Amino acid sequence: MYKNFYNLTRNPFDLSPDPTCFVATERHNEALAALYYGIVRHKGVVVVTGEVGTGKTLMLRCLLQLFKSSSEISYAYLFNCRLSALEFLHYVASDFGLKADEHQSKSTLLIELSKYVTSRGLQGLTTVLIVDEAHNLSTELLEEIRLLSNLETNNDKLLQIVLVGQPELDLKLDSFELRPLKQRIALRAHLSPLDEQDTDKYILERLMIAGGASRSEQLFSPEAVKAIHKYARGFPRLINTICENALITGYAQQMPTISADVIAGIAKDFHLTTNGSKLGKEAQGADLDLERAKNFFLDLYSSMQRPNGSDSELDSPITVEAGENESDI
């Protein structure tokens, strides 16, 4: 709709993870380098984390595109982690191109996977299991993944495992039950939001990819770029959303350059003017009230179990203070 007006050949801020639109910021380059190095050097387990909208999936699509051009790398890509252990093994085996039907047992699938990975390893080939949205993996599946990482020789890891997810993945890996998997992690990387300079670079390069290099003036004013960074907080997905809607608004109003006022209006429409701190404070208060209630009932139970407790102790009134989120009783 706005492409002709702004002399663009395509939509520059599509939300779909298109590798041709990848903007190599310093943060993404570091994470991509860690992934590629860990895989081609057979390091074993590599973990990449980042907040929602930092570009994790797009980075993975770029990595998969590199793999498709290589005859030495075979990969299985899992993007839905809500599976049982048997369903997980079925999916991985099938994505590797192995024959896997619903009647095969877990032991049969493991034998087939082991043969496949070992055979490729003996030929000097690379086999990769990539798990996106890995923060949704259950403890059971993470343990299955750890066991798959045991496919190794005396001097080489035969199966390369990439876990990519939100920061909750780090919390899971820090749990006591998963400490064996955590100790096997060879490389880690974290995708943080873009700073203002990278936000400016990101917007300019996305416009150039879409054919905006022919423009003699900036499409977004410097003040608009600052406003975009402010409201998007450096998250590429939000930057795309704001810029896409800004171009639509600019076209509707026949504006050659997008102003900061347009960005502010879009941020308001998308409820980006708040950062959720109020909700976070209320949730924190609810957690404190829950903790207070739990302690009260534990103390009450303890007093009832006390062998030498007098009747007067139980008959005396107990005072309960209302929490911040409760009305006085």
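What you see is a predicted model, and the numbers here were worked out from it, not measured in a lab.

## A short note on the confidence of the model for the protein
Here is step 1 of the chain: Scored by pLDDT, the protein has a mean of 86; 82% of the residues are at 70 or more.
Here is step 2 of the chain: Low confidence marks residues 325–329, where pLDDT is under 50. Its contacts with residues over four positions away, or in another chain, come to 7 contacts.

## Comments concerning the state of the cysteines
Here is step 1 of the chain: Under the definition given, this model contains 0 disulfides.
Here is step 2 of the chain: Summary of cysteine pairing: Cys62 is not part of a disulfide, and the nearest cysteine sulfur, belonging to Cys21, is at 9.6 Å.

## Side note on empty space enclosed by the protein
Here is step 1 of the chain: Enumeration according to the criterion identifies 1 cavity of 30 Å³ or more in this entry.
Here is step 2 of the chain: The computed volume of the largest cavity comes to approximately 30 Å³.
Here is step 3 of the chain: Considered class by class, the residues forming the lining of the largest cavity number 8 nonpolar, no polar and no charged.

## Focus on the packing of aromatic side chains
Here is step 1 of the chain: All told, the structure shown has 7 aromatic pairs when counted by the stated rule.
Here is step 2 of the chain: Ring plane angle 85° and centroid distance 6.2 Å describe the contact between Phe13 and Phe220, whose orientation is recorded as edge-to-face. Placement of Phe13 in the segment before helix 1 (26–40) and of Phe220 in the loop between helix 8 (196–209) and helix 9 (222–232) is noted, with a sequence separation of 207 residues between them. By the burial criterion, Phe13 is buried, and Phe220 matches it.
Here is step 3 of the chain: Centroid distance Phe67 to Tyr75: 6.0 Å. Interplanar angle 45°. Geometry classified as tilted.
Here is step 4 of the chain: Against the face of Phe176 rests Arg179, its NZ or CZ located 3.8 Å from the ring centre.

Definitions and cut-offs
Numbering of residues starts from 1 in each chain and follows the order in which that chain's sequence is written. With the structure being a predicted model, the display of local features is reserved for residues of pLDDT at least 70 and the display and counting of side-chain atom pairs for 80 or more, all residues being used for whole-chain, interface and lining totals. Hydrogen atoms and water are omitted, and side-chain values are computed over all heavy atoms in the structure. On a scale of 0 to 100, pLDDT captures the predictor's confidence in every residue. We call two residues in contact when some of their heavy atoms are within 4.5 Å. Pairs of cysteine sulfur atoms within 2.5 Å are what we label disulfides. Cavity and pocket criteria rest on a 1 Å grid covering protein atoms alone: a 1.4 Å probe that fits but cannot get out defines a cavity, protein on both sides within 12 Å along at least 5 of 7 lines defines an open pocket, and an atom within 4 Å of a point defines a lining residue. Grid points are joined across faces, edges and corners, and a volume is the space filled by probe spheres set on the points. Under the grouping applied here, Gly and all other residues not named as nonpolar or charged are polar, the nonpolar ones being Ala, Val, Leu, Ile, Met, Phe, Trp, Tyr, Cys and Pro and the charged ones Asp, Glu, Lys and Arg. Note on ring pairs: Phe, Tyr and Trp rings are taken, using the six-membered ring of Trp, and paired if centres are within 6.5 Å. Classes follow the plane angle, with under 30 degrees stacked, over 60 edge-to-face and the rest tilted. The secondary structure listing takes helices from DSSP runs of H or I that are at least 4 residues long and strands from runs of E that are at least 2 residues long, numbered from the N terminus. Any residue under 20% of the maximum accessible area for its type is buried, any over 50% is exposed, and the rest in between are partly exposed; the area is computed with a 1.4 Å probe on protein chains only. Consider the ring centre and the ring normal. A charge sits over the ring if Lys NZ or Arg CZ is within 6 Å of that centre and within 35 degrees of that normal.

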